[in-house]
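# Structural overview
Listed below are the residues making up each chain.
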Amino acid sequence: MADTADTRTPAQIEADIRRRRATLAETLDEIGVRVHPKTIVGDAKAKVASNIDHTLGRAYVEVNKAVTDVRARFVDEDGAPRLERVVPVALVVVGVVGLLAFSTRRRKG
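For every chain, the first residue of the written sequence is number 1, and numbering continues from 1 along that sequence. At least 70 in pLDDT is required for a residue's local features to be given in this predicted model, at least 80 for side-chain atom pairs to be given and counted, and no such filter applies to totals for whole chains, interfaces and linings, which use all residues. Excluded from the side-chain calculation are hydrogens and water; included are all heavy atoms of the structure.

### So, the pattern of salt bridges
By salt bridge we mean one thing: a side-chain nitrogen of Lys or Arg within 4 Å of a carboxyl oxygen of Asp or Glu. This structure, assessed with the given rule, holds seven salt bridges. The salt bridge involving Asp16 is made with Arg20; its shortest N-O contact spans 3.4 Å. Remark: Arg20 and Asp16 occur in helix H1 (residues 10–34); sequence separation between them is four residues, near one turn of the helix. Exposure remark for Asp16: the relative accessible area of 14% places this residue in the buried category. Across the pair Glu62 and Lys65 runs a salt bridge whose closest N-O atoms are separated by 3.8 Å. Of this pair, Glu62 and Lys65 both sit in helix H2 (residues 37–74), three residues apart, which is roughly one turn of that helix. Only protein chains enter the calculation, and the probe is 1.4 Å; a residue is then buried if its accessible area is under 20% of its type maximum, exposed if over 50%, and partly exposed in between. A residue is classified by how much of its surface remains accessible, and Glu62, at 47% relative accessible area, is partly exposed. Counting from the N terminus, the helices are the DSSP runs of H or I reaching at least four residues and the strands are the DSSP runs of E reaching at least two.

Laid out in structure tokens, this is it:
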């Protein structure tokens, strides 16, 4: 075995002990904060909020892409409506609304 004689003075040893106690106290305080129920709940809420924000962001991008695709089908690059596509869709919508109105009146009368 090697000789491990400590060459520090008693004052140096006491100062080292005080320093280590302070470090240990800080570490224990940090652990106490980390495992506190409010901290755990707060961290969980933050994680859920982050996941929701991420999901909503992705949904927004997808909806925006879909709206852009639909708009491109009905409007040309200059912003003018493409009548060859708008008119048939409008006729279908008017027909469906007319059928619904007719069937509703028929039930009542």
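And the narrative resumes.
### Looking at the UniProt feature "transmembrane region" (unreviewed entry) in the protein chain
When the UniProt feature table is mapped onto this chain numbering, "transmembrane region" (unreviewed entry) sits at residues 86–104. Regarding residues 86–104, the helix share stands at 100% and the strand share at 0%, and the terminal C-alpha atoms are separated by 27 Å. UniProt positions are given in the numbering used here, feature names are shortened, and annotations may be inferred rather than shown by experiment.

### Re the confidence of the model for the protein chain
What pLDDT reports is the predictor's confidence in each residue, on a scale of 0 through 100. Of all residues in the protein chain, 95% have pLDDT values of 70 or greater, and the mean over the chain is 90. Taken element by element, the predicted model of the protein chain shows its lowest mean pLDDT in helix H3 (residues 83–108) (90) and its highest in H1 (95).

### Description of a nonpolar patch on the surface
Patch membership requires more than 30% relative accessible area and the absence of a salt bridge. Residues of like charge join within 9 Å; the nonpolar side chains Val, Leu, Ile, Met, Phe, Trp and Tyr join within 5 Å. Each accessible area value is a Shrake-Rupley result obtained with a 1.4 Å probe; residue values ignore everything except the protein chains displayed when judging cover. Together, Leu24, Leu28, Ile31, Val35 and Ile40 line one region of the surface with nonpolar side chains, adding up to about 480 Å² of accessible area. Top contributing element to the nonpolar patch by residue count: H1, with three residues. Structurally, the position occupied by Val35 is in the loop between H1 and H2.

### As for the environment of Val87
Tracing the sequence through the fold places Val87 in helix H3. It is 9.9 Å that separates the C-alpha atoms of Val87 and Phe74, two residues lying 13 residues apart in sequence.

### Section: the side chain of Arg82
Its location among the elements puts Arg82 in the loop between H2 and H3. Contact criterion: two residues are considered in contact whenever any of their non-hydrogen atoms come within 4.5 Å of each other. Look past the residues within four positions of Arg82 in its chain and what remains in contact with it is Ala72, Arg73, Phe74, Val75, Asp76 and Glu77.

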